[in-house]
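Coordinate inspection notes
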Amino acid sequence: MSELPKQPYDPNLLVGFDTADDAGVYRLRDDLALVQTLDFFTPIVDDPFEYGRISALNSINDVWAMAGTPITAMAITCFPKSGVDPAILTQIMRGGLETLMQYGVRLIGGHSVDNAQIMFGYSVTGVIDPNKIATNSGAAAGDALILTKPIGTGVISTGIKKARVSDAIVAASVETMLTPGKYAAEAMRDFDVKGATDVTGFALLGHAWEVACASKATIEIDSGAVPLLDGALEMARAGMLTSGDKTNREYVGADVSISSGVDSDLVKLLFDPQTAGGMLISVAAEKADALLRTLRTNYPHARIIGRVSPRGSRSIVVS
């Protein structure tokens, strides 16, 4: 992106791609803006219907991460014309459509490509009050950091591919992925949250680093407070890592400092890419406990996992 020509300034472009935020926001009028995003990925579970459901929710979550309300979606499908039963694609799309309808999002079209590797997802459009936007540049010194969901979906997905994970662990991981960010978005609007992101492919540390860079802050994370999916630590110890473990470490580079006392297998989970992960919310410390109580109605594993330091060095410190 850095090599692309600079776009002319537009005062209505409230959030672009310069801070690597979850979605773009474009103002239509003083009280209304569009939220736009796109996401698709390869299968992470064996059941095509569940894959479709997870793909839809993962895409919608980017709108909720901005505290917006999703309204329409367009499907993006990569699927081979031969060699794979087309009924599988039907099941994938049925799962996605069920999730869209569940949260009041209208499917209005899409595009498909003949491709050997199956991929699926959506472009989603939402709406938001321009005064209620939560962005990854909105974290402020002294804020508390809340994570709404446990991490570990990446290593569990690898465990599924290698038949090394139990049905109970898979079920818990799928349930977590299918928990929507809708309620977090509603709570963020109610508590006037200005700083947030969802934790997906760049992992907890990658997305926290984006918050640190965009907000020009230092993010301090208490590793012992980070909620983990059942079985995730065991999968990490067994080496069930995705390629994201390496690329996410490269992504944050030397800007993350991890205490020597932190379990190395837990560190793997901090770099584990997530699908339909939780919201990382930066909120004024005096509001944190009340917001956490509200969130726990729908996110029982939500926890305060750290704070925004006033040091302002655009880095991550993990203890």
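1. Details of the overall build of the protein chain
Of regular secondary structure, the protein chain possesses 10 helices and 13 strands. Along the first, second and third principal axes, the C-alpha set of the protein chain runs to 55 × 50 × 45 Å. Going through the 319 residues of the protein chain one by one, you find that 52% of them count as buried. In the protein chain, the share of contacts with a sequence separation of at least 24, taken over all contacts with a separation of at least 6, comes to 85%. Total accessible area on the protein chain is roughly 14,200 Å²; 52% of this is exposed by carbon and sulfur atoms. The distance from the centre of the 27 positive side-chain charges to the centre of the 36 negative ones in the protein chain is 2 Å.

2. Description of the layout of surface pockets
Its volume calculated, the largest pocket comes out at about 650 Å³. Listed by contribution, the elements that provide at least two residues to the lining of the largest pocket are β3 (32–41), α1 (48–65), α3 (153–161) and α6 (203–215).

3. Describing the pairing of strand β2 (residues 24–29)
Here strand β1 (residues 13–15) runs beside β2; their pairing, made up of two bridges, is antiparallel. Following the sheet pairing, Val15 is matched in β2 by Val25. For β2 and β3, the ladder comprises five bridges, and the chain directions are antiparallel. If you follow Arg29 over to β3, its bridge partner there is Leu32. Turn length for the β2-β3 hairpin, with the two strands adjacent in sequence and antiparallel, is two residues.

4. Topic: the pairing of strand β4 (residues 69–79)
Bridge analysis of β4 against strand β6 (residues 119–128) gives nine bridges, and the strand direction is antiparallel. The residue of β6 that forms the bridge with Pro70 is Gly126. Relative to strand β5 (residues 106–114), β4 is paired through eight bridges, and the arrangement is parallel. Directly across from Phe79, in β5, lies its bridge partner Asp114. Since β4 and β5 lie parallel, the crossover through helix α2 (residues 86–102) that links them has a hand, and here it is right-handed.

5. Considering the pattern of salt bridges
Where charged atoms from two side chains of opposite charge come close, those side chains can pair. One pass over the structure, following the stated rule, counts 11 salt bridges. Its salt-bridge partner being Arg53, residue Glu50 comes within 3.0 Å of it at the nearest N-O pair. Taken together, the positions of Glu50 and Arg53, both in helix α1 and three residues apart, correspond to about one turn of that helix. One salt-bridge network, held together by shared partners, links Arg237, Asp263, Asp265 and Lys268.

6. Comments concerning the nonpolar core
If you look at the biggest cluster of nonpolar residues, it comprises 95 residues, and the most contacted ones within it are Ile156, Ile219, Ile281, Leu291, Leu295 and Ile316. Looking at this core, the element that brings in the most residues is α1, giving eight residues. When residues no more than four places from it in sequence are discounted, the contact partners of Leu295 are Ile146, Thr148, Ala184, Ala187, Ile281 and Ala302.

7. Digging into a nonpolar patch on the surface
Residues Leu13, Tyr26 and Leu28 make up a contiguous nonpolar surface patch of roughly 260 Å² in combined accessible area. Within the secondary structure, Leu13 is located in strand β1.

8. A word on α6
The end-to-end C-alpha distance of α6, which contains 13 residues, comes to 18 Å, matching closely the 18 Å that a straight helix rising 1.5 Å per residue would cover. Among the 13 residues in α6, 12 count as buried, and that is most of the element. Residues of α6 that are buried: Ala203, Leu204, Leu205, Gly206, His207, Ala208, Trp209, Glu210, Val211, Ala212, Ala214 and Ser215. Positive phi appears at Lys216, one or two residues downstream of α6, with a value of about 55°.

9. Concerning the side chain of Ser309
Here Ser309 shows up in strand β12 (residues 303–309). Since its relative accessible area comes to 3%, Ser309 is described here as buried. The contact partners of Ser309, leaving out residues within four places of it in the chain, are Ala141, Ala217, Thr218 and Glu220.

10. A closer look at the packing of aromatic side chains
In this structure the tally under the stated criterion is seven aromatic pairs. For the pair Trp209 and Tyr251, a centre-to-centre distance of 5.0 Å together with 80° between the ring planes defines the contact as edge-to-face. Linking Trp209 in helix α6 with Tyr251 in helix α8 (residues 244–252), this pair joins segments that are 42 residues apart in sequence. Taken together, the ring pairs in this structure connect Phe41, Tyr51, Phe120 and Tyr122 into an aromatic cluster.

About the criteria used
Residues numbered from 1 in each chain as written. Predicted model: local features only at pLDDT ≥ 70, side-chain atom pairs only at ≥ 80, totals over all residues. Heavy atoms only, no water. Helix = DSSP H or I, 4+ residues; strand = E, 2+ residues; numbered from the N terminus. Buried < 20%, exposed > 50% of the residue type's maximum accessible area, 1.4 Å probe, protein only. Contact = heavy atoms within 4.5 Å. Areas by Shrake-Rupley, 256 points an atom, 1.4 Å probe, with all protein chains shown as cover. Lys, Arg positive; Asp, Glu negative; His and termini not counted. Charge placed at Lys NZ, Arg CZ, Asp CG, Glu CD. 1 Å grid on protein atoms, 1.4 Å probe; cavity = no way out; pocket = protein on both sides within 12 Å on 5 of 7 lines; lining within 4 Å. Points joined across faces, edges and corners; volume = space filled by probe spheres on them. Pairing = 2+ DSSP bridges. Right-handed = clockwise from strand over helix to strand, strands pointing away. Salt bridge = Lys/Arg side-chain N within 4 Å of Asp/Glu carboxyl O. Core = buried A, V, L, I, M, F, W, Y, C linked by side-chain atoms within 4.5 Å. Patch = residues over 30% accessible without salt bridge, like charges linked within 9 Å, V, L, I, M, F, W, Y side chains within 5 Å. Expected span 1.5 Å × (residues − 1). Phe/Tyr/Trp six-rings, centres within 6.5 Å; stacked < 30°, edge-to-face > 60°.

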